[in-house]
Amino acid sequence: MVRIACGMVALAWVGAAHGAEVTLLSNARVITMDSARPYASALAWDDGGRIVGVGDADELRRRHADHVALDAGGRVVVPGLIDAHGHVLGLGLTLDQADLVGTSSKAEVIERLQAFEKTLPADAWLLGRGWDQNDWPEKVFPTAVDLDAAFPKRPVWLQRVDGHAGWANSAALKLATRDLAGDWQPGGGKILREGTQPSGVLIDGAMNLIEGAVPSISPAMTERALDVAMRKAASLGLTGVHDAGVSRAELAVYRKLADAGRMPIRVYAMADGDGAAVDDLCANGLYHHEGGRLTMRAVKLYADGALGSRGAALLADYSDDAGNRGLLVTEPEALGAAIAKAQRCKVQVAVHAIGDRGNRAVLDAFAPRLRAAGAGDVRWRIEHAQVVALEDIARFAALRVIASMQPTHATSDMPWAEARVGAARIVGGYAWRRFRDAGVVVAFGSDFPVEAVDPLLGLYAAVTRQDADGAPAGGWYPDQRVTAWEALRGFTLDAAYAAFMDDEVGSLAVGKRADFTVLSRDPLREEPRALLQTRAIATYVDGKSTHGAL
Ligand SMILES: [Zn+2]
């Protein structure tokens, strides 16, 4: 950073007149996402972090004779990248768990667990996350027995990559909050059994039976996890995250970090279901921290499960599992009641829906309430909108429901997604292009830690629908690719819109916050493959660096 003092007289005058020091970033290729001025070479902001000029450097230098000068070295500046669906605590805790992502066999899982176990106290549970039986040769769910030889005493609990199934060893099954034997099933979930005995895998709502037995997370652990995860997000170019499920206790920890100025990103927290956090919003009003980095004004509800574990609710049977149509994890009546309560409290509604039946259930619940007179600008969202009946895509547009989608889910799921739903239904799967063309606002995110946090990987997936090796050639259902500009918009302006923050962030324009990301390469001009080599060199929030520096 180079400081230029343009003479004491000017400094004194500007100081007296405005009381604000201006920082002027020049020699930049600024992609503004502002249709009034899509490109610029310079950006200026005041010491409150608000943009006071977007244009060319000479013009801005004339207007702000005294300024702190920053040289971007010809690099690309984009509006701060926003992940519209992530799990910050989950990411932080994942860094404290065995990482099983990408394991190619059960033997590899055991190896990684044994290595990780060396870091644990004798009485601790061994927790892990990220396995996917679709990546193993046998492609079937594992069992407790697979873990028991290596871990006869220590309880082991391993979440599937999508977070919608868990795999326990026998020691963990014995500690369940209820005897798992028999032929009963919990609401909204499924215990897989061999005869009357649990096999070791529990799906969706059944996972609570083990999770209720895992020693709970202390506020100190939560604080450490949020801190680590937010710094990780900033280091990858993110200036904001919509945190899809935050409890009252977790919000208190966030608030402490915000009070202490320890929020390197803006967190748009969604209350975790129809519980204590949303009750607080109803009782006390929507929550905005005075520092502008923490908001809670939305609630995250669940309609169904996930596709990988066949918990997503489908209108007809799974193509690879006759008789199974997945699960509605919230009964329509309870979902409707939670939505009605949120609407009364003016809380934004965001509902997880993956299968075509799950999405339709949400649209059916939304429709009468959104059509009612005086519904207003509520920006209700469906999280994932992953496999949607084609005729329902137009309903998103008609009801002005936001599709909050995750491009990397498509490229992670493409090896097996069509087997789950068949050739006809996959046409409405991960169909960003169809949503955009229908006039739906599509906000992009990653669902980290289910997928990697890096938003450049999301941009790459959105534009190519290919994996990192460039497969399949031409992209998976390439008619659903979006342009690089559209992808960037999904991670900036449309994500901001989905959080009622488009007046403040999402594009670079006078009056907005100076939240921006400096990239090593130009995502709009270079070949899509270059996105995989593109790095966030620096991240700025409110005009201050949160990662790297110029
Ligand atoms: Zn999620």
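Only a predicted model underlies this, so the values are computations on that prediction, with no experimental measurement involved.

Caption draft 1: Examining helix 11 (residues 332-344) more closely. Compared with the 18 Å implied by 1.5 Å per residue over 13 residues, the 18 Å span of helix 11 between its first and last C-alpha is a close match. For helix 11, the complete set of buried residues consists of Leu335, Gly336, Ala338, Ile339, Ala340, Lys341 and Ala342. Taken together, the buried residues of helix 11 touch helix 10 (276-284), strand 19 (294-302), strand 20 (348-353) and helix 12 (356-371). The first or second residue beyond helix 11 is lysine 346, which carries a positive phi of 60°.

Caption draft 2: Focus on the coordination of the zinc ion. Taken together, His85 (NE2), His87 (NE2) and Asp447 (OD) make up the protein donors of the zinc ion, found 2.1 to 2.2 Å from the metal. Residue aspartate 447 is classed as buried on the basis of its relative accessible area of 7%.

Caption draft 3: Expanded view of the sheet that holds strand 14 (residues 189-194). As summarised here, the arrangement of the six strands in space is 10-11-12-13-15-14, forming an open sheet in which the pairing is mixed. Among the strands making up the open sheet, the edge pair consists of strand 10 (98-99) and strand 14. Along the sheet face, helix 4 (residues 106-117) touches strand 10, strand 11 (126-131), strand 12 (156-160) and strand 13 (165-168) and points at about 145° away from the line of strand 11.

Caption draft 4: Region of the structure containing the environment of glycine 543. By the element assignment, glycine 543 lies in the loop between strand 25 (536-541) and strand 26 (544-547). When its relative accessible area of 11% is taken as the criterion, glycine 543 is described as buried. For the pair glycine 543 and glycine 48, spaced 495 residues apart in the sequence, the C-alpha separation amounts to 7.8 Å. Not counting residues within four places of it along the chain, the set of residues in contact with glycine 543 comprises Trp45, Gly49 and Ala514.

Caption draft 5: The state of the cysteines, seen in detail. Using the criterion set out here, one finds one disulfide in the structure. A sulfur-sulfur distance of 2.0 Å marks the disulfide that ties cysteine 282 to cysteine 345. Residues cysteine 282 and cysteine 345 are joined through a disulfide that is right-handed, its torsion about the S-S bond being 105°. Pair noted here: cysteine 282 is in helix 10 and cysteine 345 is in the loop between helix 11 and strand 20, with a separation of 63 residues, a long-range link.

Caption draft 6: Up close: the pattern of salt bridges. Going through the model one piece at a time under the given rule, you end up with 39 salt bridges. With a closest N to O distance of 2.7 Å, lysine 256 and glutamate 223 form a salt bridge. Of this pair, lysine 256 sits in helix 9 (residues 248-259) while glutamate 223 sits in helix 8 (residues 219-235); the two residues are 33 residues apart in sequence, bridging distant segments of the chain. Among the residues examined, glutamate 223 registers a relative accessible area of 17% and is labelled buried. Residues aspartate 279 and lysine 341 are paired through a salt bridge, measuring 2.7 Å at the closest nitrogen-oxygen approach. With aspartate 279 in helix 10 and lysine 341 in helix 11, the pair connects residues that are 62 residues apart, well separated along the chain. A relative accessible area of 36% means that aspartate 279 is categorised as partly exposed.

Caption draft 7: Looking closely at unusual backbone geometry. Following phenylalanine 448, the chain continues into proline 449 via a peptide bond in cis, with omega recorded as 5°. When you line up the elements, proline 449 lands in the loop between strand 23 (442-444) and helix 17 (455-464). Its identity as a non-glycine residue notwithstanding, arginine 310 has a phi of 60°, on the positive side. Assessed through its relative accessible area of 21%, arginine 310 is described here as partly exposed. Unlike most non-glycine residues, alanine 385 shows phi in positive territory, near 40°. Its place among the elements puts alanine 385 in the loop between strand 21 (381-384) and helix 13 (390-399).

Caption draft 8: Quick peek at the packing of aromatic side chains. Scanning the entire structure with this criterion turns up 13 aromatic pairs. The rings of Trp131, Trp136, Phe141 and Trp167 are connected pair by pair, giving a single aromatic cluster. Arginine 465 extends its terminal NZ or CZ atom over the ring of tryptophan 432, reaching a point 4.5 Å from the ring centre.

Caption draft 9: Looking closely at the confidence of the model for the chain. Residues with a pLDDT of 70 or more make up 96% of the chain, whose mean pLDDT is 94. Counting contacts from residues 1-18, a segment whose pLDDT is below 50, to residues more than four positions away or on other chains yields 18 contacts.

Caption draft 10: The sheet that holds strand 25, seen in detail. In spatial order, the strands read 4-3-8-24-25-26; together these six strands make up an open sheet with mixed pairing. The sheet terminates laterally at strand 4 (39-40) and strand 26, the two strands that pair on one side only. Pairing of strand 3 (residues 29-31) with strand 8 (residues 76-79), which is carried by two bridges, proceeds in the parallel orientation. Looking at strand 8, one finds that arginine 29 is bridged to valine 76.

Caption draft 11: Quick look at the packing of helix 8 against helix 9. Two numbers describe how helix 8 lies on helix 9: the axes approach to 10 Å, and their chain directions differ by 60°. Here helix 8 lies oblique to helix 9, going by the angle between them. As helix 8 packs across helix 9, the resulting crossing turns out to be right-handed. Of helix 9, the residues touching helix 8 (which contributes Pro219, Thr222, Glu223, Leu226, Asp227 and Met230) are Glu250, Val253, Tyr254, Lys256 and Leu257. A breakdown of the residues in the contact of helix 8 with helix 9 according to their chemical character gives six nonpolar, one polar and four charged.

Caption draft 12: View of helix 13. Turning to helix 13, its buried residues number three or more, namely Asp392, Ile393, Phe396 and Leu399. Taken down its axis, helix 13 places every buried residue within 135° of arc, on the same side. Opposite the buried face of helix 13, at more than 90 degrees from it, the exposed residues are Glu391 and Ala398. Buried residues in helix 13 make contact with helix 12, strand 21, strand 22 (402-405) and helix 16 (432-437).

Caption draft 13: Geometry of the pairing of strand 7 (residues 67-71). Counting buried residues along strand 7, four of its five residues qualify, which places the element largely inside the surrounding structure. Two strands pair when backbone bridges link them, and strand 2 (residues 22-26) and strand 7 are joined in this way by five bridges, in the parallel orientation. Bridge pairing in strand 7 links leucine 25 to leucine 70.

Caption draft 14: View of the environment of threonine 492. Relative to the helices and strands, threonine 492 is located in the loop between helix 18 (484-490) and helix 19 (493-497). Sequence separation between threonine 492 and alanine 306 is 186 residues; the distance between their C-alpha atoms is 26 Å. Non-local contacts of threonine 492, meaning those with residues more than four positions away in its chain, are made with Met33, Pro79, Gly80, Leu81, Ile82 and Gly506. Of the polar contacts made by the side chain of threonine 492, one reaches the backbone oxygen of leucine 488; its length is 2.7 Å.

The rules behind the values
Residues numbered from 1 in each chain as written. Predicted model: local features only at pLDDT ≥ 70, side-chain atom pairs only at ≥ 80, totals over all residues. Heavy atoms only, no water. Helix = DSSP H or I, 4+ residues; strand = E, 2+ residues; numbered from the N terminus. Expected span 1.5 Å × (residues − 1). Buried < 20%, exposed > 50% of the residue type's maximum accessible area, 1.4 Å probe, protein only. Contact = heavy atoms within 4.5 Å. Donors = N, O, S within 2.8 Å, 3.2 Å for Na, K, Ca; no water. Pairing = 2+ DSSP bridges. Axes fitted to C-alpha atoms, helices over the stretch in contact; angles between N-to-C directions. Disulfide = S-S within 2.5 Å. Salt bridge = Lys/Arg side-chain N within 4 Å of Asp/Glu carboxyl O. Phe/Tyr/Trp six-rings, centres within 6.5 Å; stacked < 30°, edge-to-face > 60°. Lys NZ or Arg CZ within 6 Å of the ring centre and 35° of its normal. pLDDT = per-residue confidence, 0-100. Parallel < 35°, antiparallel > 145°, perpendicular 65-115°, else oblique. Left-handed = near helix turned anticlockwise from the far one by under 90°. Nonpolar A, V, L, I, M, F, W, Y, C, P; charged D, E, K, R; others polar. Arc of directions from axis to C-beta. Polar contact = N/O pair within 3.5 Å; in protein donor to acceptor, adjacent residues only side chain to side chain.

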